[in-house]
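# A look at the structure
Read off the chains here:
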Amino acid sequence: MKHVVIGTAGHVDHGKTALVRALTGVDTDRLAEEKRRGLTIELGFARLDFPDGSCAGVVDVPGHEKFIKTMLAGAGGIDLAMLVVAADEGFMPQTVEHLNILSLLGVRRGVVVLTKCDLADADWLAMARAELAARVKGTFLENAPVIETSAATGQGIEDLRETLHALVRQTREKSARVPFRLPIDRVFSVDGFGTVVTGTLIEGALHVGGEAELLPSGTRSRVRNLQVHGENTAIAVAGQRVAVNLAGIKKTDIARGDTLAEPDSVRVSRLLDVRLSCLRDSERTVENGSRVHFCHGTAARLAKVVLLDRDALAPGESAYAQLRFTEDVAAKCGDRFVIRFYSPLETIGGGIILDDAPARHKRNDAAVLSALAVQENGSDAERVLQALTALDTALPSAAQLPSMSTLPSEHAAASRTTRPFVSNVEGKSSRSARVYHARIVSRSRSVPVKRQRSVRPSCAAYSSTAGRSCPSPTNTMQKSPPASRTFLSPSRMMRSPLYHMMRPMNRYTGLSAGSAHFLLSASTASGDALPRGRSTPFGMTM
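Just so we're clear, the structure is a prediction, and the values are computed from it rather than from any experiment. (Residues numbered from 1 in each chain as written. Predicted model: local features only at pLDDT ≥ 70, side-chain atom pairs only at ≥ 80, totals over all residues. Heavy atoms only, no water.)

When its secondary structure is counted, the protein chain shows 17 helices and 23 strands. Counting every position in the protein chain, which comprises 542 residues, the buried fraction comes to 51%. Contacts spanning at least 24 positions in sequence make up 68% of the contacts within the protein chain whose residues lie at least 6 apart. (Helix = DSSP H or I, 4+ residues; strand = E, 2+ residues; numbered from the N terminus. Buried < 20%, exposed > 50% of the residue type's maximum accessible area, 1.4 Å probe, protein only. Contact = heavy atoms within 4.5 Å.)

Pasting the structure below:
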């Protein structure tokens, strides 16, 4: 079953909560203060059932300008947007800001809902429709369906349900094969159970009994129980609203904005390299050194903007920048974010994260800008080679192997056949993969090869170029031969940041970290592009 989260958006008092109640039968205003004031203050959640037995989660967000931070916490995990506009008022300031936020967060599908249609006559509705068409032009909702509804009379509710059902079927399902990540939007305790956190599972799968890491603090806990829409479950997958009962951790140790993730799958940093864009209709210019409110997932942090190739970012412009924080931030490459002006608080732009743990950059550095361009638009092979270059590490090409080793050219060229075979042994250890490689090379020699602990072209390269033996698995601390650029041996790999980037690769491909390294070495040595169709820890597709 496909799992999708639908989020509301729109100005205060335009009927978002009433619309959700008409669709689901659930009043998402759960606080006494909300009921007394008739105003949504906190995020609300409901389950929307469809005629074929499938369902979707619904997040109801507040529309008041004072609660934009809460709205951002709920909008970060939605797949479909339901932009609500009251027919008797039309577009209002928060309608515009919510639409801008959804665009910045990368939402690509949705529906426009005209509410309170029972309060408007035919001529007024025609004017409202014309205004809607003009306002959403150029946005992801330009060609979206417009549904006229009334929660009071039930007008259009079933049409809206059918439209949402069709959009859910068209929406791409999130991957459950990657490490799980859950931005936390609520924390509370339940008598007899302990601490419970809730949020939208944006990727991966969460299991009862599994270990979880709380970021950015690094505290680890065990998943005691899981609930999805109020029902106990043994597993929750990406695209579901989840309540997680954590063992051995206090409620006071967790806050909205923290992230629950698979251990060692997310890096924590105080620097982020980003592609930063300023909204076209913004009245502010982002200057170098500006302080902004950085909104990512359910978190909001203060950041300093360092523009890397200019002194100011005008409305409608985009540039590379480095965001510098005074506290730790847990993010991943490819994540989207929103920035708000320091004071007065207003949304001015956003962007996408290119590097989640960079070094501190100097401005107007051509090498830095070129590297960021590769991270943003480069091919898979270019990104991997750039990561190796950053470690001062090089792998030999097939053409270089004969001159750097004792292997004849036809045997060195046999490394081209390694990648397809290694791709078929997902789940094998690094040692098994190396033996597999030895068998493939032996086929070109027509000589059987005994099972060995380590056979790879780089070993021969070590022996011929430096006059010393290759480090064996029992002597991994042996130093590499002196050279300006050395091969990436397993011992050096485990001491390098690249190893920690490859550790999660087994979650994506089924390979262990060592086997992933071996596959990378064989693919790069062959001079070919990396295999397509798989996700990697670098935030790209293989």
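Take the sheet that holds strand 18 (residues 291-296) next. The 6 strands are arranged 16-21-19-18-22-23 in a closed barrel whose pairing can be described as antiparallel. Across the sheet, the axes of successive neighbouring strands diverge by a mean angle of 40°, strand direction being ignored. Pairing geometry for strand 16 (residues 268-278) and strand 21 (residues 318-330), over 9 bridges, is antiparallel. Its bridge partner being in strand 21, Ser 269 is matched across the sheet by Val 329. (Pairing = 2+ DSSP bridges. Axes fitted to C-alpha atoms, helices over the stretch in contact; angles between N-to-C directions.)

Moving on to the packing of helix 3 (residues 68-75) against helix 4 (residues 93-104). Remark: helix 3 packs on helix 4, axes separated minimally by 11 Å, with the N-to-C direction vectors making an angle of 35°. Crossing handedness for the pair helix 3 and helix 4: right-handed. Contacts between helix 3 and helix 4 involve Ile 68, Met 71, Leu 72 and Ala 75 from the former and Gln 94, Glu 97, His 98, Ile 101 and Leu 102 from the latter. Looking at side-chain class alone, the contact of helix 3 with helix 4 contains 6 nonpolar, 2 polar and 1 charged residues. (Left-handed = near helix turned anticlockwise from the far one by under 90°. Nonpolar A, V, L, I, M, F, W, Y, C, P; charged D, E, K, R; others polar.)

Before going further, it helps to examine the pairing of strand 3 (residues 55-60). Counting buried positions over the 6 residues of strand 3 gives 6, a clear majority of the element. Here 3 bridges tie strand 1 (residues 5-9) to strand 3, and the two strands are oriented parallel to one another. In the sheet register, Val 5 faces strand 3, and the bridge partner there is Gly 57. As defined by bridge partners, strand 2 (residues 44-49) adjoins strand 3 across 6 bridges and the pair is classed as antiparallel. Paired with Asp 49 across the bridge in strand 3 is Cys 55. Counting the residues that bridge the hairpin from strand 2 to strand 3 gives 5 residues, and of these Gly 53 lies at a positive phi of roughly 95°.

Side chains that differ in charge, positive against negative, can pair when their charged atoms come close. In total, this model carries 24 salt bridges according to the counting rule given. Between Glu 211 and Arg 220 there is a salt bridge; the shortest N-O distance is 3.7 Å. According to the relative accessible area criterion, Glu 211 is partly exposed, its value standing at 44%. By relative accessible area, Arg 220 is classed as partly exposed at 38%. Notably, a salt bridge pairs Asp 356 with Arg 267, separated by 2.6 Å at the nearest N-O pair. Pair noted here: Asp 356 is in the loop between strand 23 (347-355) and helix 7 (366-377) and Arg 267 is in the loop between strand 15 (259-261) and strand 16, with a separation of 89 residues, a long-range link. Owing to a relative accessible area of 34%, Arg 267 belongs among the partly exposed residues under this scheme. Connected through salt bridges with shared partners, the residues Arg 181, Glu 203, Lys 332 and Asp 335 form a single ionic network. (Salt bridge = Lys/Arg side-chain N within 4 Å of Asp/Glu carboxyl O.)

Attention now goes to the nonpolar core. Within the largest apolar cluster, 36 residues are counted, with the highest numbers of intra-cluster contacts made by Leu 102 and Leu 141. The greatest single-element share of this core, amounting to 5 residues, is contributed by helix 3. Sequence-distant contacts of Leu 102, that is, excluding residues within four places in its chain, are made with Ala 9, Ala 75, Ile 78, Ala 81, Val 107 and Phe 140. (Core = buried A, V, L, I, M, F, W, Y, C linked by side-chain atoms within 4.5 Å.)

Taken as a whole and assessed by the stated rule, the structure comprises 2 aromatic pairs. On the basis of an interplanar angle of 75° and a centroid distance of 5.0 Å, the ring pair of Phe 294 and Phe 325 is categorised as edge-to-face. With Phe 294 in strand 18 and Phe 325 in strand 21, this residue pair connects regions lying 31 residues apart in the sequence. Residues Phe 294 and Phe 337 carry aromatic rings whose centres are separated by 5.2 Å and whose planes lie at 35° to one another, so their mutual orientation is tilted. Separated by 43 residues along the polypeptide, Phe 294 in strand 18 and Phe 337 in strand 22 (residues 336-341) bring together distant segments of the chain. Accessibility assignment for this pair places Phe 294 and Phe 337 in one class, buried. Over the face of the ring belonging to Tyr 320 we find Arg 275, whose NZ or CZ atom lies 4.2 Å from the ring centre. (Phe/Tyr/Trp six-rings, centres within 6.5 Å; stacked < 30°, edge-to-face > 60°. Lys NZ or Arg CZ within 6 Å of the ring centre and 35° of its normal.)

The linkage connecting Leu 215 with the following residue, Pro 216, adopts the cis geometry, with an omega of 10°. Put simply, Ser 343 and Pro 344 share a cis peptide bond, and its omega is 0°. Within the secondary structure layout, Pro 344 lies in the loop between strand 22 and strand 23. Phi is positive for Asp 264, close to 65°, though the residue is something other than glycine. Position of Asp 264 relative to the elements: it lies in the loop between strand 15 and strand 16.

Attention now goes to the pairing of strand 7 (residues 181-190). The sheet contact formed by strand 7 and strand 15 spans 3 bridges and is antiparallel. By the bridge assignment for strand 15, Leu 182 is matched with Leu 260. Counted along the chain from strand 7 to the antiparallel partner strand 8 (residues 194-200), the turn is 3 residues long, and its residue Gly 192 has a positive phi close to 85°.

With that settled, the discussion passes to the sheet that holds strand 3. A sheet is described by the order of its strands in space; here 6 strands give the open sequence 2-3-1-4-5-6, paired in mixed fashion. At either margin of the open sheet sits one strand with a lone partner, and together these are strand 2 and strand 6 (146-148). Neighbour-to-neighbour, the strand axes of the sheet open up by a mean angle of 25°, direction not taken into account. Pairing between strand 4 (residues 80-86) and strand 5 (residues 110-115): 6 bridges, direction parallel. Note on strand 5: the bridge partner recorded for Val 85 is Leu 114. Across the sheet, helix 4 is in contact with strand 1 and strand 4; its angle to strand 4 comes to roughly 170°. The strands touched by helix 6 (residues 157-170) within the sheet are strand 1, strand 2, strand 3, strand 4, strand 5 and strand 6, with strand 5 carrying the most contacts at an inclination of about 170°.

Attention shifts here to the packing of helix 1 (residues 16-24) against helix 6. Contact pair helix 1 / helix 6: the axes reach a minimum separation of 10 Å and the direction vectors enclose 80°. By the criterion of interaxial angle, the relationship of helix 1 to helix 6 is roughly perpendicular. Residues Leu 19, Ala 22 and Leu 23 of helix 1 touch helix 6, and the partners they reach there are Ile 157, Leu 160, Arg 161 and Leu 164. Here the residues of the contact of helix 1 with helix 6 are counted per class, giving 6 nonpolar, no polar and 1 charged. (Parallel < 35°, antiparallel > 145°, perpendicular 65-115°, else oblique.)

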